[in-house]
Amino acid sequence: MMELYIHYTALPEGKDLPDVVEELNEALEDGGAVSGGEAGRIDLELEDERANPKYAQMAVKAYLQRVAFPKDTTVEIGGMEIGVYE
């Protein structure tokens, strides 16, 4: 398992955390799932670390952009943080 973290300062307008968790699980399909989190962070586990994690990372970034997470939202994988809109 590989972990991916979403760091955010606010949720998109009109969304609450359960909505975001459900939609992220749908976006990842069989490639992973939300595994937990804390204030300002959502934790995801990617299913197969031998599979290219870029696919799951791209799916997560596309979702975050589509629902208009704030511009300062980042995705962390393997210790590297990448801006959602980079």
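Conventions used here
- Position numbers for residues count from 1 along each chain, tracking the sequence in the order it is written.
- Given that this is a predicted model, residues contribute local features only at a pLDDT of at least 70 and side-chain atom pairs are listed and counted only at 80 or more, while totals for whole chains, interfaces and linings are drawn from all residues.
- To obtain the side-chain values, all non-hydrogen atoms of the structure were used and water was disregarded.
- Two strands qualify as a pair provided that DSSP identifies no fewer than 2 bridges between them.
- Starting at the N terminus, helices and strands are each numbered in turn, a helix being any DSSP run of H or I of at least four residues and a strand any DSSP run of E of at least two.
- Note on exposure labels: buried denotes an accessible area under 20% of the residue type's maximum, exposed denotes more than 50%, and partly exposed covers the range between, all computed with a 1.4 Å probe on protein chains only.
- We score Asp and Glu as negative and Lys and Arg as positive, and we do not count His or the chain ends.
- For salt bridges, the criterion is a side-chain nitrogen of Lys or Arg within 4 Å of an Asp or Glu carboxyl oxygen.
- Contact between two residues is taken to exist if any of their heavy atoms lie within 4.5 Å; hydrogens are not considered.
- Each pair of aromatic rings taken from Phe, Tyr and Trp, with Trp reduced to its six-membered ring, is defined by centres within 6.5 Å and is described as stacked if the planes are under 30 degrees apart, edge-to-face if over 60, and tilted in the remaining cases.
- Placement of a charge over a ring requires the Lys NZ or Arg CZ to be within 6 Å of the ring centre, with the centre-to-atom vector within 35 degrees of the ring normal.

Caption draft 1: The pairing of strand β3 (residues 41–46), seen in detail. Across six bridges, the pairing between strand β1 (residues 2–7) and β3 is antiparallel. Each residue of the ladder has a partner; that of His 7, found in β3, is Arg 41. For strand β2 (residues 32–38) and β3, the ladder comprises six bridges, and the chain directions are antiparallel. Bridged to Gly 37 within β3 is Ile 42. The turn joining β2 and β3, which pair antiparallel and follow one another in sequence, is formed by two residues; a positive phi near 85° is taken by Gly 40.

Caption draft 2: Spatial organisation of the side chain of Lys 61. You can see Lys 61 is positioned in helix α2 (residues 53–66). Despite its burial, Lys 61 remains without a salt bridge, the nearest opposite charge being carried by Glu 86 at 6.3 Å. Non-local contacts of Lys 61, meaning those with residues more than four positions away in its chain, are made with Val 75, Ile 82, Gly 83, Val 84 and Glu 86.

Caption draft 3: Local environment of the packing of aromatic side chains. As enumerated under the stated definition, the model contains one aromatic pair in all. Measuring from ring centre to ring centre gives 6.0 Å for Tyr 8 and Phe 69, while their planes differ by 80°; the resulting arrangement is edge-to-face. Residue Tyr 8 is located in the loop between β1 and α1 (17–28), and its partner Phe 69 is located in the loop between α2 and β4 (74–77); the two are separated by 61 residues in the primary sequence. Of the two residues, Tyr 8 and Phe 69, neither departs from the other in class, the shared state being buried. Here Lys 71 stacks its cationic end above the ring of Tyr 85, 4.3 Å away from the centre of that ring.

Caption draft 4: Geometry of the pattern of salt bridges. Within the structure shown, the criterion is met by three salt bridges. In this structure, Glu 23 engages Lys 15 in a salt bridge whose closest nitrogen and oxygen atoms are separated by 2.9 Å. For Glu 23, a relative accessible area of 22% gives the class partly exposed. Residue Asp 43 is joined to Arg 41 by a salt bridge in which the shortest nitrogen-to-oxygen separation is 2.6 Å. Looking at Asp 43, the relative accessible area reads 11%, which means it is buried. When salt bridges with common partners are traced through the structure, they connect Glu 38, Arg 41 and Asp 43 into a single cluster.

The values reported here are purely geometric and, on their own, carry no functional implication.
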